[in-house]
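Understanding the architecture of this molecule
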Amino acid sequence: MSYEIEIKAHASAGLKERIDEYVGQPGLEVVKSDTYYALPSDVVPRFRIRLENGGILVSAKRNRRMDGLECNQELEFHHDNAEDLAVMQDMAALLGYEVFIHKYKRGWSWMCGQVHIELLDVKHLGWFLEMEIISQVDGFEANRPLYDELMRILHDLGCQDGDIESRSYQEMLRPFEPRA
């Protein structure tokens, strides 16, 4: 089982040039279209189906947050044929799941050592800097050195602690797309 050690912070599109310089190469363009699914009685989604770069990524997470830091238990698999998206959506509905919320992000992606960095414009919410490291170790304290590395990069890029967003995207998007 892997754990996603992550922070996200409010940013601006202008940060791209600084990240390009910091990493030493231009970011790769990314577009991510996410649909989150839940059972009718759920208050949080159970899984996500993401369309990205011509493929499908299916993820389930157990989210844990503390002061804007995340240590998410994550299971996911990739499917190369985006033409199967409708089948996956129909299967979710057949199993009793409903669409919980949609999220659309576009921007750039980099790797900086073990750190995956993304600068993304999230529809309705604006620009965010997302940084994550995949760990095999569970727990906030056990991953403290990884959080310290993310915070160092955040500061190196000119962002402040106050830019960190502690809410999930789902929480922030609910006013724009309430669940039916």
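Here the structure is shown first, and the text comes after it.
Residues numbered from 1 in each chain as written. Predicted model: local features only at pLDDT ≥ 70, side-chain atom pairs only at ≥ 80, totals over all residues. Heavy atoms only, no water.

1. Digging into the overall build of the protein
- Each helix and strand counted, the protein has 4 helices and 9 strands in total.
- Written out in order from the N terminus, the α and β elements of the protein read β-α-β-β-β-β-β-α-β-β-β-α-α.
- Rg of the C-alpha trace for the protein: 16 Å, near the compact-globule value of 16 Å for 180 residues, within the 12% margin.
- Counting only C-alpha atoms and orienting by the principal axes, one finds that the protein spans roughly 50 × 35 × 30 Å. (Helix = DSSP H or I, 4+ residues; strand = E, 2+ residues; numbered from the N terminus. Rg over C-alpha atoms; globule rule 2.2 N^0.38 Å.)

2. Remarks on the pattern of salt bridges
- Under the counting rule described, the total for this entry stands at 11 salt bridges.
- A salt bridge links arginine 50 to aspartate 34; its shortest N-O distance comes to 2.7 Å. Of this pair, arginine 50 sits in strand S3 (residues 47-52) while aspartate 34 sits in strand S2 (residues 28-38), placing them 16 residues apart in sequence. Like aspartate 34, arginine 50 is buried. (Salt bridge = Lys/Arg side-chain N within 4 Å of Asp/Glu carboxyl O. Buried < 20%, exposed > 50% of the residue type's maximum accessible area, 1.4 Å probe, protein only.)

3. Some points on helix H1 (residues 15-23)
- Among the residues making up H1, those that are buried are Leu15, Lys16, Ile19, Asp20 and Val23. Projected onto a plane normal to the axis of H1, the buried residues spread over an arc of 140° and lie on a single side. In H1, the exposed residues that point more than 90 degrees away from the buried face are Glu17 and Glu21.
- On its buried side, H1 packs onto strand S7 (98-112), strand S8 (115-122) and strand S9 (126-135).
- Positive phi shows up at glycine 24, right after H1, with a value of about 90°. (Arc of directions from axis to C-beta. Contact = heavy atoms within 4.5 Å.)

4. Some thoughts on the nonpolar core
- One finds Ile19, Ile117, Leu129, Met131 and Leu154 to be the most contacted residues of the largest nonpolar core, which totals 27 residues.
- The dominant element in this core, judged by the number of residues it contributes, is helix H3 (residues 144-156), at 6 residues.
- The contact partners of leucine 154, leaving out residues within four places of it in the chain, are Ile7, Ala9, Leu129, Met131, Cys159, Gln160 and Ile164.
- Judged by nonpolar contacts, the second largest core, of 9 residues, contains Tyr36, Ile101, Val122 and Tyr169. (Core = buried A, V, L, I, M, F, W, Y, C linked by side-chain atoms within 4.5 Å.)

5. Points about unusual backbone geometry
- Positive phi is not limited to glycine here, since asparagine 53 has a value of about 50°.
- Secondary-structure assignment places asparagine 53 in the loop between S3 and strand S4 (55-62).
- Of note in this structure, histidine 124 is not a glycine but carries a positive phi near 80°.
- Assignment of secondary structure puts histidine 124 in the loop between S8 and S9.
- Exposure remark for histidine 124: the relative accessible area of 47% places this residue in the partly exposed category.

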